Amino acid sequence: MVMFDELIVAVGVNPDKRELFSLDERVEMIGDLLKDIRGTRVAKYTGLTADFVRKAKATAILRGIRDVSDLRYEFQLALANRAVGGVETVFIMTGDQYALTSSSLIRQVVSLGGDVEQLSAVLPATVVKLLRQKQKDKGFPTPEPDAPAT
């Protein structure tokens, strides 16, 4: 089923978040993941999402919902985007395997020395690799190797 002729993955800056990856790093990562998917492209922007949508001549914002908490927050954003920019939002429920995944939890695993490999069930292999490298580059703790059996 095709809902849209084109999907633009818009990567912006959220002033309420501390991203592990810069805007350009995120655009490159997502572009690599989308390179073989027809009808998709990645674009970066700053400012209001509604302004980006209008400039891109898009017809709607597509957002994922993981749970009831997401629904409340996303509903508020959708109403704001409609009021500020006259832009409609379409919601799609996530798959079960991603329902408990969030950027905040992933950031905690990375920054507190968790085993990033354990995220491979919910993240693409290239992202896991980049997270592991980010863990090293930023000097975050890394998992202790298993102690030898005695």
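Figured I'd write up the structure that's included with this text. Computed from a predicted structure; not experimentally measured.

Here is what the cut-offs are and how they apply
- Residue numbers here run from 1 along each chain, matching the order of that chain's written sequence.
- Reporting in this predicted model follows two pLDDT cut-offs: at least 70 for local features of residues, and 80 or more for side-chain atom pairs to be given and counted; totals over whole chains, interfaces and linings ignore these cut-offs and use all residues.
- Just so you know, side-chain values use all the structure's heavy atoms and leave hydrogens and water out.
- For helices the rule is a DSSP run of H or I covering at least 4 residues; for strands it is a run of E covering at least 2, with both sets numbered from the N terminus onward.
- Remark: exposure states derive from per-residue accessible area (1.4 Å probe, protein chains only) relative to the maximum for the residue type, with buried under 20%, exposed over 50%, and partly exposed in between.
- Angles run from 0 to 180 degrees between N-to-C directions of axes, and those axes are lines fitted to C-alpha atoms, restricted for helices to the stretch in contact.
- The scheme is simple: roughly parallel for angles under 35 degrees, roughly antiparallel for over 145, roughly perpendicular for 65 to 115, oblique for anything else.
- Residue contacts are defined here by distance: any two heavy atoms, one from each residue, within 4.5 Å place the two residues in contact.
- Classes in brief: Ala, Val, Leu, Ile, Met, Phe, Trp, Tyr, Cys and Pro nonpolar; Asp, Glu, Lys and Arg charged; the others, Gly included, polar.
- Pairing between strands is defined by DSSP: at least two bridges between them are needed.
- A clockwise course of the path from the first strand over the helix to the second, judged with the strands pointing away from the viewer, identifies a crossover as right-handed.
- Put simply, buried Ala, Val, Leu, Ile, Met, Phe, Trp, Tyr and Cys residues joined by side-chain atoms within 4.5 Å make one nonpolar core.
- Expected span of a helix, by definition, is 1.5 Å for each gap between consecutive residues, and there is one gap fewer than residues.
- As used here, the arc belongs to the directions running from the helix axis to the C-beta atoms.

**Examining the overall build of the protein**
- A tally of helices and strands in the protein yields five helices and four strands.
- N-terminal to C-terminal, the α/β element order of the protein is β-α-β-α-β-α-β-α-α.
- Along the first, second and third principal axes, the C-alpha atoms of the protein reach 65 × 35 × 30 Å.
- Relative to its full complement of 150 residues, the protein shows a buried share of 26%.

**Quick word on the packing of helix 1 (residues 23-34) against helix 5 (residues 125-137)**
- The N-to-C vectors of helix 1 and helix 5 enclose an angle of 155 degrees; their axes lie 11 Å apart at closest approach. With respect to each other, helix 1 and helix 5 are oriented roughly antiparallel. Here E25, M29, D32 and L33 of helix 1 lie close against helix 5, whose contacting residues are T126, V127, L130 and K134.
- When its residues are assigned to classes, the contact of helix 1 with helix 5 shows four nonpolar, one polar and three charged.

**A closer look at the pairing of strand 1 (residues 7-11)**
- The sheet contact formed by strand 1 and strand 2 (residues 40-44) spans five bridges and is parallel. When the bridges of strand 2 are listed, I8 appears paired with R41.
- Considered for its hand, the β-α-β crossover made up of strand 1, helix 1 and strand 2 is right-handed.

**Considerations on the nonpolar core**
- Counting eleven residues, the largest nonpolar core is built from L20, F21, M29, I106, V110, V116, L119, L123, V127, V128 and L131.
- Going through the elements one at a time, helix 4 (103-111) and helix 5 are the ones with two or more residues in this core.
- A total of three residues in this core trace back to one element, the largest contributor, which is helix 5.
- Among all residues touching L119, those that are not within four sequence positions of it are I106, V109, V128 and L131.

**Quick notes on helix 1**
- The end-to-end C-alpha distance of helix 1, which contains twelve residues, comes to 16 Å, matching closely the 16 Å that a straight helix rising 1.5 Å per residue would cover.
- Regarding helix 1, the residues found buried are L23, R26, V27, M29 and L34. Each buried residue of helix 1 sits inside an arc of 165 degrees when the element is viewed along its axis, so together they form one side.
- Those residues of helix 1 that are buried are in contact with strand 1, strand 2 and helix 5.

Structural measurements only, silent on function.
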